[in-house]
Amino acid sequence: APPSPLPPPQRLRFSVGPEIAPEVERAKRHLDSLAADVELHCFEHPGFGEGAGLSPEALVQVALQVAFYRAHGSLCATCEPLSLRRVLPGCTDLLRPPGPPCLALARALDDPDAQPQVLLALLREAVQAQDSRTQEVLSGQGAERHLQGLRQAALAAGEPLPEIFLDPAYAQATHFRLCTLQVRSREGTWPLRGPLVPDGYGVGVGHVARPQDPRDPSPNSGGLRVAVTAFTCCRETEAAHLGRALSAVFDRLGALLSGRSLA
């Protein structure tokens, strides 16, 4: 049914006096300087086709790990917010990709002697581990919000923080150099995600989920729209560098899944 008629919106007029006007102007300059420090690299990709029955979102996350490895020689702490609407409406948790299988795949892809069947098995293992972890987080069994609750409970009670929060490894594990966002839309969108840390990246991936075409059974036949962000003030990161690495990994994994050779 068509939506019920709504009254026209009312224009709100703000009274900005001499006491507030300088602060508004200062905030505007600060916001402009922050925006000027962010670089953006966007590209489109046809996607993975049928993806051999694998989750497109999980494939993208695994590809992101491989791309970061190629760009920087190691993996990093990565997070992707997920809604917990199934179990706790209005709340989110953070999804971390599975490190060991992603690292094994990244190293194998750089091995010129690796056989396609071995690479495909490693890819399936990494994607299935990613999908399993996704379902775990969606069901409310993720660790991030539980740890946050433990921290906040200790602070509220005036008690010392548990030792885990004081360990250098915890600080490293929560220094998210890669923060991602994935969105499905029928017409396609360019989701943007800013970096969380000075030497980090933000990566938004839009899955174009157009209506099913009987001639094309691909679940993501509309392809991918990718936006990579980084801070220009950091010499260790470059949005275009990671974007090119990610596009190349998409090509490699797509060829691997379809059985094509890729020079």
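Since the structure is predicted, the reported quantities are computational estimates derived from the model, not experimental observations. (Residues numbered from 1 in each chain as written. Predicted model: local features only at pLDDT ≥ 70, side-chain atom pairs only at ≥ 80, totals over all residues. Heavy atoms only, no water.)

What follows concerns the packing of aromatic side chains. Inspection of the entire model under this criterion finds four aromatic pairs. Ring centres of Phe 68 and Tyr 201 lie 6.2 Å apart, and the angle between their planes is 85°; this geometry places the pair in the edge-to-face category. Of this pair, Phe 68 sits in helix H2 (residues 56-72) while Tyr 201 sits in strand S5 (residues 201-208), placing them 133 residues apart in sequence. Take Phe 68: its relative accessible area is 1%, and that puts it in the buried class. On the accessibility criterion, Tyr 201 (0% relative accessible area) is buried. Relative to Tyr 170, the ring of Phe 165 lies with its centre 5.2 Å away and its plane at 85°, an arrangement referred to as edge-to-face. Its relative accessible area of 9% is what places Phe 165 among the buried residues. Cluster of aromatic residues (ring-pair linked, three or more members): Phe 43, Phe 48 and Phe 250. (Phe/Tyr/Trp six-rings, centres within 6.5 Å; stacked < 30°, edge-to-face > 60°. Helix = DSSP H or I, 4+ residues; strand = E, 2+ residues; numbered from the N terminus. Buried < 20%, exposed > 50% of the residue type's maximum accessible area, 1.4 Å probe, protein only.)

Quantified by volume, the largest pocket comes out at close to 320 Å³. Around the largest pocket, the lining comprises 18 residues; the ones closest to its centre are Glu 57, Glu 80, Leu 82, Thr 134 and Gln 182. Contributing elements (two or more residues each) for the lining of the largest pocket: H2, strand S2 (78-83), helix H4 (116-138) and strand S4 (178-185). Per-element accounting of the lining of the largest pocket gives the leading share, five residues, to H4. Among the residues making up the lining of the largest pocket, the classes are represented as seven nonpolar, seven polar and four charged. Of the volumes computed, that of the second largest pocket is approximately 270 Å³. In this structure, the second largest pocket is lined by 14 residues; those nearest its centre are Leu 75, Cys 76, Ala 77, Thr 78 and Gln 172. Along the lines of polarity and charge, the residues of the lining of the second largest pocket split into six nonpolar, five polar and three charged. (1 Å grid on protein atoms, 1.4 Å probe; cavity = no way out; pocket = protein on both sides within 12 Å on 5 of 7 lines; lining within 4 Å. Points joined across faces, edges and corners; volume = space filled by probe spheres on them. Nonpolar A, V, L, I, M, F, W, Y, C, P; charged D, E, K, R; others polar.)

This part is about the packing of H2 against H4. Contact geometry of H2 with H4 gives a least axis separation of 9 Å together with a crossing angle of 115°. The angle between H2 and H4 places the two elements in the roughly perpendicular class. Taken as a pair, H2 and H4 cross one another with a handedness that is right-handed. Where H2 abuts H4, its residues Ala 58, Leu 59, Gln 61 and Val 62 lie against Leu 123, Ala 126, Val 127, Gln 130 and Asp 131. Grouping the constituent residues of the contact of H2 with H4 by class yields six nonpolar, two polar and one charged. (Axes fitted to C-alpha atoms, helices over the stretch in contact; angles between N-to-C directions. Parallel < 35°, antiparallel > 145°, perpendicular 65-115°, else oblique. Left-handed = near helix turned anticlockwise from the far one by under 90°. Contact = heavy atoms within 4.5 Å.)

Two elements in contact, H2 and helix H3 (residues 99-109), have axes separated by 9 Å at closest approach and are oriented at 55°. When the axes of H2 and H3 are compared, the pair comes out oblique. Judged by the twist between their axes, the crossing of H2 over H3 is right-handed. In this structure, H2 uses Val 62, Gln 65, Val 66, Tyr 69 and Arg 70 to contact H3, whose residues at the interface are Cys 102, Leu 103, Leu 105, Ala 106, Arg 107 and Leu 109. Grouping the amino acids of the contact of H2 with H3 by side-chain chemistry returns eight nonpolar, one polar and two charged.

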